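Each chain is listed here by its residues.
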Amino acid sequence: EGKTEAPPRLPGGDEVGKLSRAISTMATKLCEREAEQVRLEREVLEISESERRRIGHDLHDSLGQRLTAASMTTNAFISVLKADAPALAERGEHLGRQLREAIAEVRSLSHGLAPVTLVDDGLIVALTSLAENTSRGGTVRCVFDCPTPVRIADAEIADHLYRIAQEAVNNALKHAAPSEIRIALEWRDQALVLEVDDDGEGLGETMPPVDGIGLRVMRYRARLIDGDLGIGSPP
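Please read these numbers as outputs of a predicted model, since none were measured by experiment. (Residues numbered from 1 in each chain as written. Predicted model: local features only at pLDDT ≥ 70, side-chain atom pairs only at ≥ 80, totals over all residues. Heavy atoms only, no water.)

Asks: Explain the sheet that holds strand S1 (residues 141-145) to me, using residue names and the numbers behind them.
Replies: Reading across from one edge, S1-S2-S3 is the order of the three strands in this open sheet, with mixed pairing throughout. Strands at the two margins of the open sheet, each flanked by one partner only, are S1 and strand S3 (191-198). When the angles between neighbouring strand axes are averaged without regard to direction, this sheet yields 10°. Examined bridge by bridge, S1 and strand S2 (residues 180-188) share five bridges and lie parallel to one another. If you follow Val143 over to S2, its bridge partner there is Arg182. Sheet strands in contact with helix H3 (residues 122-135) are S1, S2 and S3, and its direction is about 165° off that of S1. (Pairing = 2+ DSSP bridges. Helix = DSSP H or I, 4+ residues; strand = E, 2+ residues; numbered from the N terminus. Axes fitted to C-alpha atoms, helices over the stretch in contact; angles between N-to-C directions. Contact = heavy atoms within 4.5 Å.)

Written out as structure tokens, the structure reads:
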């Protein structure tokens with residue numbers, strides 16, 4: 001049945017007893033191997049998340065600050081142009097707009113790679129930002145619904161929940177052609193429930209036979225925090 005729990009050992013020195021001991025030994029080794037695999041997978045994921053946060057912080061603190069300084073210098077330059085060379089002022093304003101758009105893009109990328117500190121109210125802030133950034137494109141309305149404040153003291157749990165929501169929103173945008181996406185977070189029957197719904201095309205009558213890598217990572221993240229990932233296509 002694919003279970004690693006060994007049945008109770010049967011006593012005796014006959015073939016049945018020997019087989020029982022062999023099965024118990026095999027199950028123990030399988031459990032140890034599975035635990036080692038989970039440990040290694042967790043370490044790989046933690047390294048990946050750490051590198052993602054580092055890149056996000058570098059984008060925000062280094063490139064973002066350089067672009068902001070260039071934008072401020074450009075604004076001062078435009079003021080000079082308006083007084084001394086009005087014909088060139090329009091080009092300067094065009095350059096200023098490009099810099100502001102670049103700054104906004106860098107901020108969006110850095111927040112996606114390294115969302116706000118995901119402790120206490122941080123997850124609420126990050127999910128609110130995710131909804132706002134998703135809506136900013138203008139083609140899809142994304143809302144965040146959190147009836148009562150949800151505070152999470154464990155940053156690892158909060159980070160996995162955010163990444164699951166982020167991947168679910170991306171999947172909806174890529175595959176469902178929705179006009180609205182809803183992200184919801186609430187306590188329900190003593191369990192923390194994160195939902196991402198959309199009004200798009202749905203999944204059809206059956207789930208696809210092979211999960212994509214994004215869905216497999218979502219399932220793995222849920223398993224790491226002792227959660228369950230459910231996917232369906234309700235009315």
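Now that the structure is up, let's keep going.
Asks: Tell me about the layout of surface pockets, and name the residues and values.
Replies: Roughly 1400 Å³ of volume is contained in the largest pocket. Surrounding the largest pocket, 41 residues form its lining, Ala168, Val196, Met218, Gly230 and Ile231 being those nearest its centre. Those elements that place two or more of their residues in the lining of the largest pocket are helix H4 (155-176), S3 and helix H5 (213-224). The greatest single-element share of the lining of the largest pocket, amounting to ten residues, is contributed by H4. A per-class count over the lining of the largest pocket returns 25 nonpolar, ten polar and six charged. (1 Å grid on protein atoms, 1.4 Å probe; cavity = no way out; pocket = protein on both sides within 12 Å on 5 of 7 lines; lining within 4 Å. Points joined across faces, edges and corners; volume = space filled by probe spheres on them. Nonpolar A, V, L, I, M, F, W, Y, C, P; charged D, E, K, R; others polar.)

Asks: Let's hear about the environment of Ser20: which residues, and what values?
Replies: The topology assignment puts Ser20 in helix H1 (residues 15-84). According to the relative accessible area criterion, Ser20 is buried, its value standing at 9%. The spacing of Ser20 and Arg53 is 33 residues in sequence and 49 Å in space, taken between C-alpha atoms. Excluding anything up to four places from it in sequence, Ser20 contacts Pro8, Arg9 and Leu10. (Buried < 20%, exposed > 50% of the residue type's maximum accessible area, 1.4 Å probe, protein only.)

Asks: So what's going on with the pattern of salt bridges? Residues and values would help.
Replies: In this structure the tally under the stated criterion is 13 salt bridges. When the shortest N-O distance is used, the salt bridge between Asp197 and Arg182 registers 2.5 Å. Residue Asp197 is found in strand S3, and its partner Arg182 is found in strand S2; the two are separated by 15 residues along the sequence. Glu186 is the salt-bridge partner of Arg188, the closest N and O atoms lying 2.6 Å from each other. Here Arg188 falls in the partly exposed class, since its relative accessible area comes to 33%. (Salt bridge = Lys/Arg side-chain N within 4 Å of Asp/Glu carboxyl O.)

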